[in-house]
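Structural features, examined
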Amino acid sequence: MKSLDEFASRKLAQLEEQGLRRVLVETDRHDSVRVARNGRELVSFCCNDYLGLTHHPDLKKAARKAIERYGVGAGASRLITGNHPLFRELELRLAALKGTEDAVVFGSGYLANLGIVPALVGKGDLIVADELCHACLLAGSRLSGADEVRFPHNDVEAVASLLRGQRAGYRRCLVLTDGVFSMDGDLAPVPALARLAAENDAWLMTDDAHGVGVVGNGRGSSYAFGGRVDVPLQMGTLSKAIGSYGGYLCTSKKVADLIRTRARTLIYATGLPPASAAAAIAAIDLIRSDRDLTGAPVAKAAAFCNGVGLPDPVSPIVPLHLGTADRAMAASALLEAEGFLVTAIRPPTVPDGTARLRFTFTATHHEEDVARLAAVVRGKLGVEAGAAQ
Ligand SMILES: *Cc1c(COP(=O)(O)O)cnc(C)c1O
């Protein structure tokens, strides 16, 4: 169609001009940190494979075994015939890891958020969301039809005053936040939010995509403040520290049963492939048994911050704010010339004027590579480092 192609090229040209066009680059991940691009090997500091589990022998073996036993695809939605025996095992493992009664597994984290939020709230309900929540939480919020108000990032006072002022005018209320913020690496004030939500009969939901496996001894943001914070809805992904693919919600038995009956992205989407479920089960067993492993990513991030002169990190994610998209792209190119892969993060993934490099650290990074990266960032991006945060 002529008008369709014309629309696409006009839109692309416009994005190109703003430095916001995105392109896919083929990347061959040799292991969890070494990647090949355009025939060159680079050390990646931008994968979310925090524990190096995507290439772990235990996960590969579990996935191979599952394929031999159950085939490569689930064959249907979980409610038809796609609910192979590995699902229940995985859900029980997740519930045990998070200390909840039950868990529900989805096709991906994005699908989980699109399914969970509209299953719990709708028209006549209120959603109170951190302004920096992940795109798919906000997409789920929009899809629900509930009224949505955003509060300034991590501002507990603002949440208190919003709930005080508006809660009474609504039937149900959901409070949404990332546990660990994906582009900033900071933690949500989970204990204070849980207390406020409970006091106001609001339901707190944390998106712990970047928390599980790496904070709170691997159990996620509900455990990152000493003890266990009671968060009734803990969502996450199997695709980051867990090294596989899929999404989940850890919650009470009753809520899990409701989600299995009502979440449209579970009902109308094919179940996760058996190999993905099997690999995730193997990963959770490693996370539960190896404290050294789960502590390593934050320790590597701390070594980097120390080398550059940045404040101590609370997660494996360290942002370096550069302002414009062009500056972020130039800094990324400079690091690539030094053998490091650190993708630039630009709007609309992050707010306008806050384009950045986002460094992620993993258990499998070599200390020498972390030290050399810190030296290059300090030496060649020195001015920017001073202006970070
Ligand atoms: C990656 C991510 C998701 C999406 O999870 P997928 O399993 O990759 O779809 C959701 N929330 C946050 C905060 C994420 O970083």
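Quick caveat: nothing in here was measured; it's all calculated off a predicted structure.

1. Thoughts on the sheet that holds strand E12 (residues 340-341)
Spatial strand order, E1-E2-E3-E12: four strands in an open sheet with mixed pairing. Sheet topology places strand E1 (28-29) and E12 at the edges, where each strand pairs with a single neighbour. Strand direction decides the pairing type here: strand E2 (residues 34-37) and strand E3 (residues 40-44), joined by four bridges, are antiparallel. Residue pairing across strands places Ala 36 opposite Glu 41, the latter belonging to E3.

2. Concerning the pattern of salt bridges
Taken as a whole and assessed by the stated rule, the structure comprises 23 salt bridges. Residue Glu 41 is joined to Arg 34 by a salt bridge in which the shortest nitrogen-to-oxygen separation is 3.2 Å. Note that Arg 172 is salt-bridged to Asp 125, the shortest N-O span being 3.5 Å. With Arg 172 in the loop between helix H7 (156-166) and strand E7 (173-178) and Asp 125 in the loop between helix H5 (109-120) and strand E5 (126-130), the pair connects residues that are 47 residues apart, well separated along the chain. The network of salt bridges with common partners includes Arg 78, Arg 88, Glu 91, Asp 102, Lys 253, Asp 257 and Arg 260.

3. A few points about the site of the ligand
Around the ligand sit 14 residues, and of these Gly 109, Asp 207, His 210, Thr 237 and Lys 240 come closest. Here Tyr 110 contributes a backbone N or O atom positioned 2.9 Å from an oxygen atom of the ligand. Here a nitrogen atom of the ligand sits 3.4 Å away from a polar atom, N or O, in the side chain of His 134. Surface burial for the ligand is 87%, taken as the share of its 380 Å² of free accessible area covered by protein chains. Class assignment of the residues belonging to the shell around the ligand gives a composition of three nonpolar, eight polar and three charged.

4. Section: the sheet that holds strand E13 (residues 344-345)
Read across the sheet, three strands follow the order E11-E14-E13 without closing on themselves; strand pairing throughout is antiparallel. Lying at the two open borders of the sheet, with one neighbouring strand each, are strand E11 (317-323) and E13. For E13 and strand E14 (residues 355-360), the ladder comprises two bridges, and the chain directions are antiparallel. For Ala 344, the partnering residue across the bridge sits in E14 and is Leu 357. Across the sheet, helix H13 (residues 325-337) is in contact with E11, E13 and E14; its angle to E14 comes to roughly 35°.

5. Notes on empty space enclosed by the protein
Tallied over the full model, the rule gives one cavity of 30 Å³ or more. Taken as a whole, the largest cavity spans an internal volume of roughly 50 Å³. When residues of the lining of the largest cavity are traced back to their parent elements, those giving at least two are strand E4 (102-106) and helix H10 (264-267). Along the lines of polarity and charge, the residues of the lining of the largest cavity split into six nonpolar, four polar and one charged.

What counts and what doesn't
Residues numbered from 1 in each chain as written. Predicted model: local features only at pLDDT ≥ 70, side-chain atom pairs only at ≥ 80, totals over all residues. Heavy atoms only, no water. Pairing = 2+ DSSP bridges. Helix = DSSP H or I, 4+ residues; strand = E, 2+ residues; numbered from the N terminus. Salt bridge = Lys/Arg side-chain N within 4 Å of Asp/Glu carboxyl O. Near = heavy atom within 4 Å. Polar contact = N/O pair within 3.5 Å; in protein donor to acceptor, adjacent residues only side chain to side chain. Areas by Shrake-Rupley, 256 points an atom, 1.4 Å probe, with all protein chains shown as cover. Nonpolar A, V, L, I, M, F, W, Y, C, P; charged D, E, K, R; others polar. Contact = heavy atoms within 4.5 Å. Axes fitted to C-alpha atoms, helices over the stretch in contact; angles between N-to-C directions. 1 Å grid on protein atoms, 1.4 Å probe; cavity = no way out; pocket = protein on both sides within 12 Å on 5 of 7 lines; lining within 4 Å. Points joined across faces, edges and corners; volume = space filled by probe spheres on them.

Any link to function would need more than the numbers given here.
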